[in-house]
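# Per-entry structural report
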Amino acid sequence: MTVPEIEANAVPDDAYLLDVREQDEWLAGHAPEAVHIPMTQIQGRADEIPDDRTIYVVCRVGGRSMQVAAWLNQLGRDAVNVGGGMQSWESANRPMVSETGQPPYVA
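Conventions adopted
- Residues numbered from 1 in each chain as written.
- Predicted model: local features only at pLDDT ≥ 70, side-chain atom pairs only at ≥ 80, totals over all residues.
- Heavy atoms only, no water.
- Helix = DSSP H or I, 4+ residues; strand = E, 2+ residues; numbered from the N terminus.
- Rg over C-alpha atoms; globule rule 2.2 N^0.38 Å.
- Buried < 20%, exposed > 50% of the residue type's maximum accessible area, 1.4 Å probe, protein only.
- Pairing = 2+ DSSP bridges.
- Contact = heavy atoms within 4.5 Å.
- Axes fitted to C-alpha atoms, helices over the stretch in contact; angles between N-to-C directions.
- Phe/Tyr/Trp six-rings, centres within 6.5 Å; stacked < 30°, edge-to-face > 60°.
- Lys NZ or Arg CZ within 6 Å of the ring centre and 35° of its normal.
- Polar contact = N/O pair within 3.5 Å; in protein donor to acceptor, adjacent residues only side chain to side chain.
- Expected span 1.5 Å × (residues − 1).

This part is about the overall build of the protein chain. Scanning the protein chain from N- to C-terminus turns up three helices and five strands. From first element to last, N terminus to C terminus, the protein chain shows the α and β order β-β-α-β-β-α-β-α. In terms of C-alpha radius of gyration, the protein chain reaches 13 Å, essentially the compact-globule figure of 13 Å for 107 residues. Projected onto its principal axes, the C-alpha coordinates of the protein chain cover approximately 40 × 25 × 25 Å. The proportion of buried residues among the 107 residues of the protein chain is 47%.

And the structure:
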């Protein structure tokens with residue numbers, strides 16, 4: 001199955017951005033409006049993900065998010081992988097925040 005992919009700088013500002021990284025990665029730095037559901041919890045929490053809009057899925061470099069986007073698409077959702085993940089997000093100078101009180105970074 002081919003998964004649609006989008007560059008980080010092309011993700012719409014009002015997108016539903018699903019961050020599937022682990023907790024420590026999330027705490028270090030994430031997009032301000034992102035929703036955090038780690039990949040390891042995605043199957044049990046799928047009902048938290050809207051089914052009426054495009055889901056942009058992001059991880060660190062794009063591998064985990066590709067898998068999650070493929071799975072969501074198999075469920076009938078409209079999911080798109082963010083190519084290059086949060087590393088590309090950071091490189092594109094997209095906004096980031098951290099939960100640690102320190103400057104955000106991609107862990």
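Let us keep going from here.
Here the focus is the sheet that holds strand β5 (residues 79-83). Across the sheet, which stays open at both edges, the five strands sit in the order β1-β5-β4-β2-β3 with parallel pairing between neighbours. With one partner strand each, in any of the chains shown, β1 (5-7) and β3 (35-36) form the two edges of the open sheet. Here two bridges tie strand β2 (residues 16-19) to β3, and the two strands are oriented parallel to one another. Paired with Leu18 across the two strands is Val35, which belongs to β3. On the sheet, helix α2 (residues 63-74) packs against β1, β2, β4 (55-58) and β5 and is oriented at approximately 170° with respect to β5.

Glancing now at the environment of Val11. Positionally, Val11 belongs in the loop between β1 and β2. Once you skip the residues sitting within four places of it in the chain, Val11 turns out to touch Ile6, Tyr56, Val82, Trp89 and Arg94.

Let us now look at the environment of Tyr56. Along the chain, the position of Tyr56 falls in strand β4. Through-space distance from the C-alpha of Tyr56 to that of Leu17 is 4.8 Å; in sequence the pair is 39 residues apart. When neighbours within four sequence positions are excluded, Tyr56 is seen to be in contact with Ile6, Val11, Pro12, Ala15, Tyr16, Leu17, Leu18, Val80 and Val82.

The next point concerns the packing of aromatic side chains. Each aromatic ring pair is summarised here by two numbers: the centre-to-centre distance and the angle between the ring planes. Taken as a whole, this structure holds zero aromatic pairs when the rule is applied. The positively charged end of Arg94 is found above the aromatic ring belonging to Trp89, 4.3 Å away from the centroid.

Residue position: Asp19 is located in strand β2. Side chain to side chain, Asp19 and Arg21 meet in a polar contact 2.8 Å long. With near-sequence residues (within four places) excluded, Asp19 lies in contact with Trp26, His30, Ala34, Val35, His36, Ile37, Pro38, Val58 and Met86.

Below, the discussion takes up unusual backbone geometry. Of note in this structure, Asn93 is not a glycine but carries a positive phi near 60°. Relative to the assigned elements, Asn93 resides in the segment after α3 (85-91).

Before going further, it helps to examine α2. With 12 residues, α2 extends 17 Å from end C-alpha to end C-alpha; this agrees with the ideal 16 Å at 1.5 Å per step. Those residues of α2 lying buried are Ser65, Val68, Ala69, Ala70, Leu72 and Asn73. At its buried positions, α2 is contacted by β2, β4 and β5. One or two positions beyond α2, positive phi appears at Gly76, with a value near 95°.

Function-wise, these values are silent; they only describe arrangement.
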